[in-house]
Amino acid sequence: MDRIEEKILALIDANAPRLQALADDIFHHAEQGYHEYRTAKLVADFLKELGLEPREGLAITGVKAAIGKGTGPNVALIGELDGLACPTHPDATELGFAHSCGHYAQIVCMLGAALALSDPEVAASLDGTATIFAVPAEEFQDASVREEVRASHDVHCAGGKCELLRRGEFDDIDLAVTTHSLMVDRDSGADLVLGNSACTGFVGKTVYLHGRAAHAAAAPHMGINALNAACLGMSALGMVRETFQEKDCVRVHPYIRKGGEAINIVPSETIVDMMVRANNQPAIEHVSEQVDNCFKGAAMAIGCEAEIVNAQGYTPCPQRLPDQVMWDAAALLGDKYKVVSIPDGACNTASTDVGDLFAVMPVLNFTFGGSTGDLHSKDYKVSDPDVAHILPAKMMALLAYRLLKDGGAEAKKIVDGYQAPYTKESYKEYVKKISG
Ligand SMILES: [Zn+2]
């Protein structure tokens, strides 16, 4: 361990109580994606206190600040601002939002890393830039929210990273470091899991079924029941599920956002929202077509009109086993922590807009333990604040330093060795084609 690494660890240890207080604060004030105003201000104020000059209001709530020289590789250290709708969580806000995906811990981790890296001596040792980047809306937003932020802020993408990529806010970034609360194997006892398991990508789909209202008892023969069409469409979807192939990791999960108008009226308008996921783009497109046929056929049978609107989702994430630099950084954290690799060949059937970062640049990811209960459930809670909040901050800071020291050699090696499926410009074209 060199002097700078010792200093990084000492700085984070010395500020652990401050970071824990911050974790508690953000955890109890979860906000909806693209509406994380309070959390964003907290992040910006913290960075300003460190003497940094953050840019704010990026894709509504994103905050970005640079540490280092401005030459050499530029490594983004990412934290996600959003909570999610989880009204049954005991710590949900009045509006029903909770940090039951652990994103608050990712913000604390990113700020802990910023705290260590912005120390003048540490910053001077970086042969490149560490960009602290708090991003909005990792969770895919409901169609109603998507429509709202499109109208209010010209946001075209449901995912915050997709929108920031579209706006060119990642144009200056060469490599991203991301982290997340442990997704799978939550009872494995691992404190850190290095690497990125493959994740599904998806398309967002909204099915509007238009029927005709009528008195539900006196004249149902005058109505066209849009709810019946929705139910029939979902039954058809259940019947085509046997064609989904395991190798594609398909997930289709609809819910009825609007089921009708009133108790004694034949439902005339029904809205079904869903995500159509798979681990490769051709499968996403194929299954998306099958789903469309289910609802079109159901609408025809009942006599409804079906209108189907697809929204850009996230691109599938590739697997990336841990790079040596991650093992080297993790080795400095001490023997008391259990550090393992992602299982080779596993597919995480959830999705993340980190997939869209992978579309244009290499991403080094790790997940951290210290919590129990399923993600996105009322049971998610922190069991070990040191592992959930302080350990990942150390890992992120050490990793950034290792990537950027010695002329940024490690960062350059990873960037040079990565074959991105898109250039930053061709990604923007792809978004434009789908989302305007
Ligand atoms: Zn998440």
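One can find the structure itself at the top, above this paragraph.
Quick summary incoming for the structure in this document. (Residues numbered from 1 in each chain as written. Predicted model: local features only at pLDDT ≥ 70, side-chain atom pairs only at ≥ 80, totals over all residues. Heavy atoms only, no water.)

**Concerning the coordination of the zinc ion**
Around the zinc ion, the protein supplies Cys-101 (SG), His-103 (NE2) and His-180 (NE2) as donor atoms, at distances of 2.1 to 2.3 Å. Residue Cys-101 is classed as buried on the basis of its relative accessible area of 4%. (Donors = N, O, S within 2.8 Å, 3.2 Å for Na, K, Ca; no water. Buried < 20%, exposed > 50% of the residue type's maximum accessible area, 1.4 Å probe, protein only.)

**Here we look at the packing of aromatic side chains**
Here the structure, examined in full by the defined rule, presents eight aromatic pairs. Aromatic pair Phe-27 and Tyr-104: ring centres 4.9 Å apart, planes at 65°, arrangement edge-to-face. Taken together, the residues Phe-27 in helix 2 (residues 16-27) and Tyr-104 in helix 4 (residues 103-117) connect sequence positions 77 residues apart. Here Phe-27 matches Tyr-104 in class, with each residue buried. With a centroid separation of 4.7 Å and an interplanar angle of 90°, the aromatic rings of Phe-140 and Phe-202 are classed as edge-to-face. Of this pair, Phe-140 sits in the loop between strand 6 (129-135) and helix 6 (143-153) while Phe-202 is found in strand 10 (residues 201-210), placing the two residues 62 residues apart along the sequence. By relative accessible area, which is 16% here, Phe-140 ends up buried. Residue classification places Phe-202 among the buried positions, given a relative accessible area of 3%. Members of the aromatic cluster, joined through ring pairs, are Phe-140, Phe-202 and Tyr-314. Here Arg-277 stacks its cationic end above the ring of Phe-202, 5.6 Å away from the centre of that ring. (Phe/Tyr/Trp six-rings, centres within 6.5 Å; stacked < 30°, edge-to-face > 60°. Helix = DSSP H or I, 4+ residues; strand = E, 2+ residues; numbered from the N terminus. Lys NZ or Arg CZ within 6 Å of the ring centre and 35° of its normal.)

**Focus: the pattern of salt bridges**
Inspection of the entire model under this criterion finds 27 salt bridges. One salt bridge connects Lys-69 with Asp-127, and the closest N-O pair in it is separated by 3.5 Å. Remark: Asp-127 occurs in the loop between helix 5 (120-124) and strand 6 and Lys-69 occurs in the loop between strand 2 (62-68) and strand 3 (74-80); sequence separation between them is 58 residues. Residue classification places Lys-69 among the partly exposed residues on the basis of a relative accessible area of 44%. One salt bridge connects Asp-273 with Arg-257, and the closest N-O pair in it is separated by 2.5 Å. Note that Asp-273 is positioned in strand 13 (residues 269-278) and Arg-257 in strand 12 (residues 255-258), a separation of 16 residues in sequence. (Salt bridge = Lys/Arg side-chain N within 4 Å of Asp/Glu carboxyl O.)

**Section: helix 3 (residues 37-49)**
Compared with the 18 Å implied by 1.5 Å per residue over 13 residues, the 18 Å span of helix 3 between its first and last C-alpha is a close match. All buried positions along helix 3 are accounted for by Thr-39, Ala-40, Leu-42, Val-43, Ala-44, Phe-46 and Leu-47. Buried residues along helix 3 sit in contact with helix 2, strand 1 (55-58), strand 2, helix 4 and strand 6. Trailing helix 3 by a residue or two, Gly-51 shows a phi angle of about 90°, which is positive. (Expected span 1.5 Å × (residues − 1). Contact = heavy atoms within 4.5 Å.)

**Here we look at unusual backbone geometry**
For Asp-154, which is not glycine, the phi dihedral falls at a positive 55°. Residue position: Asp-154 is located in the loop between helix 6 and helix 7 (160-166).

**Considering the packing of helix 2 against helix 12 (residues 385-404)**
Axis separation between helix 2 and helix 12 bottoms out at 10 Å; the angle between their running directions is 115°. What the angle tells us is that helix 2 and helix 12 run roughly perpendicular. In this structure, the crossing between helix 2 and helix 12 has a hand that is right-handed. For the pair helix 2 and helix 12, the contacting residues are Ala-16, Leu-19, Gln-20 and Ala-23 in the first and Pro-385, Asp-386, His-389 and Ile-390 in the second. Residue composition of the contact of helix 2 with helix 12, by class: five nonpolar, two polar and one charged. (Axes fitted to C-alpha atoms, helices over the stretch in contact; angles between N-to-C directions. Parallel < 35°, antiparallel > 145°, perpendicular 65-115°, else oblique. Left-handed = near helix turned anticlockwise from the far one by under 90°. Nonpolar A, V, L, I, M, F, W, Y, C, P; charged D, E, K, R; others polar.)

**A short note on the nonpolar core**
A general feature of soluble globular proteins is that nonpolar side chains tend to end up buried together. Among the nonpolar cores identified, the biggest contains 72 residues, and Ile-8, Leu-77, Leu-117, Met-395 and Leu-403 are the most heavily contacted of them. Top element by residues in this core is helix 12. It accounts for 13 residues. Setting aside residues up to four positions removed in sequence, Leu-403 forms contacts with Val-75, Leu-175, Val-177, Val-325, Leu-364, Gly-408, Ala-409, Glu-410, Ala-411 and Ile-414. (Core = buried A, V, L, I, M, F, W, Y, C linked by side-chain atoms within 4.5 Å.)

**With respect to the pairing of strand 10**
Looking along a regular strand, one sees side chains alternate from face to face of the sheet. Judged by how many residues are buried, strand 10 sits mostly within the fold: nine of ten residues are covered. Note that strand 10 and strand 13 share ten bridges and pair antiparallel. In the strand pairing of strand 13, Leu-209 is matched with Thr-270. (Pairing = 2+ DSSP bridges.)

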